Amino acid sequence: QVQLVESGGGLVQAGGSLRLSCAASGRTFSTSVAGWFRRAPGKEREFVATLTWNGGATYYADSVKGRFTISRDNAKDTVYLQMNSLKPEDTAVYYCAAAPRFYTYRVYDYEYDYWGQGTQVTVSS
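Small disclaimer: the values here were computed from a predicted structure and weren't measured. Residue numbers here run from 1 along each chain, matching the order of that chain's written sequence. Only residues with pLDDT of at least 70 are given local features in this predicted model, and only at 80 or more are side-chain atom pairs given and counted; all residues enter the totals for whole chains, interfaces and linings. No hydrogens and no water enter the side-chain calculation; it runs on all heavy atoms of the structure.

Student: Explain the overall build of the chain to me, using residue names and the numbers behind them.
Tutor: Secondary structure elements follow DSSP: runs of H or I of four or more residues count as helices, runs of E of two or more count as strands, with numbering from the N terminus. A count of helices and strands for the chain gives zero helices and 11 strands. Each helix and strand of the chain, placed in order from N terminus to C terminus, yields the pattern β-β-β-β-β-β-β-β-β-β-β. Here the globule rule reads 2.2 Å times residues to the power 0.38, and the radius of gyration is calculated from C-alpha atoms. In terms of overall size, the chain behaves like a compact globule, its C-alpha atoms giving a radius of gyration of 13 Å where 125 residues would be expected to give roughly 14 Å. Contacts between residues were defined by any pair of non-hydrogen atoms, one from each residue, lying within 4.5 Å. Counted over contacts in the chain with a minimum sequence separation of 6, partners at least 24 positions apart contribute 59%. Residues scored as positive are Lys and Arg, those scored as negative are Asp and Glu, and His as well as the terminal groups of each chain are ignored. For this purpose, a charge sits on NZ of Lys, CZ of Arg, CG of Asp or CD of Glu. Taking the average location of the 13 positive side-chain charges in the chain and that of its 11 negative ones, the two points are 3 Å from each other.

Written as structure tokens, this is what we have:
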């Protein structure tokens, strides 16, 4: 079992930055693929970013590429999402997820077995 708790969300002006954190508990997290997803109001949940268990490979949605950076610190059982140059369309609830069944990064939500409760990010124009 893996429990995930996100933090770091909030209200920021367009062009600003936020760093989300996802603290995990559970023995398998440090060997799990991890990812971030988001759900905007009235929209389906969508993939944002993912990385392998050691952070050696990352992958991003085109909409955030070059602005967001995913990373992890396995010594702290934490995954981060650094978000720069935020836009109003980035407004959403952001979810952290873990996929212990896989070794390469994953982009589909059905591949993830564990989810956090989400943290709200609101970007004002």
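Having seen the model, we can carry on.
Student: Mind laying out the environment of Gly56, listing which residues take part and the relevant values?
Tutor: Mapping Gly56 onto the fold places it in the loop between strand E5 (45-51) and strand E6 (58-60). Only protein chains enter the area calculation, which uses a 1.4 Å probe; residues under 20% of their type maximum are buried, those over 50% are exposed, and those in between are partly exposed. The class for Gly56 is exposed, based on a relative accessible area of 65%. In sequence terms Gly56 and Ser71 are 15 residues apart; their C-alpha atoms lie 9.4 Å from each other.

Student: Tell me what's going on with unusual backbone geometry, and back it up with residues and numbers.
Tutor: For Asp77, which is not a glycine, the phi torsion comes out positive at approximately 50 degrees. Mapped onto the elements, Asp77 comes out in the loop between strand E7 (68-73) and strand E8 (78-83). Unusually for a residue other than glycine, Ser85 sits at a positive phi of about 50 degrees. Along the chain, Ser85 turns up in the loop between E8 and strand E9 (92-99). Classification of Ser85 as partly exposed rests on a relative accessible area of 41%.

Student: How would you explain the pattern of salt bridges if you had to name every residue and give the values?
Tutor: Each reported salt bridge corresponds to a side-chain nitrogen of Lys or Arg within 4 Å of a carboxyl oxygen of Asp or Glu. Enumeration over the complete set of coordinates arrives at seven salt bridges. A salt bridge links Asp109 to Arg45, with the shortest nitrogen-to-oxygen separation between them at 3.3 Å. One end of the pair, Asp109, is in the loop between E9 and strand E10 (114-115); the other, Arg45, is in strand E5, with 64 residues separating them in the sequence. Judged by relative accessible area, Asp109 falls into the partly exposed class, the value being 28%. Taking relative accessible area as the criterion, Arg45 reaches 28% and is therefore assigned partly exposed. We note a salt bridge from Arg101 to Asp113, for which the minimum N-O separation is 2.9 Å. Of this pair, Arg101 sits in the loop between E9 and E10 while Asp113 sits in the loop between E9 and E10, and the two are 12 residues apart along the sequence. One network of salt bridges, in which partners are shared, links Arg38, Glu46, Arg67 and Asp90.

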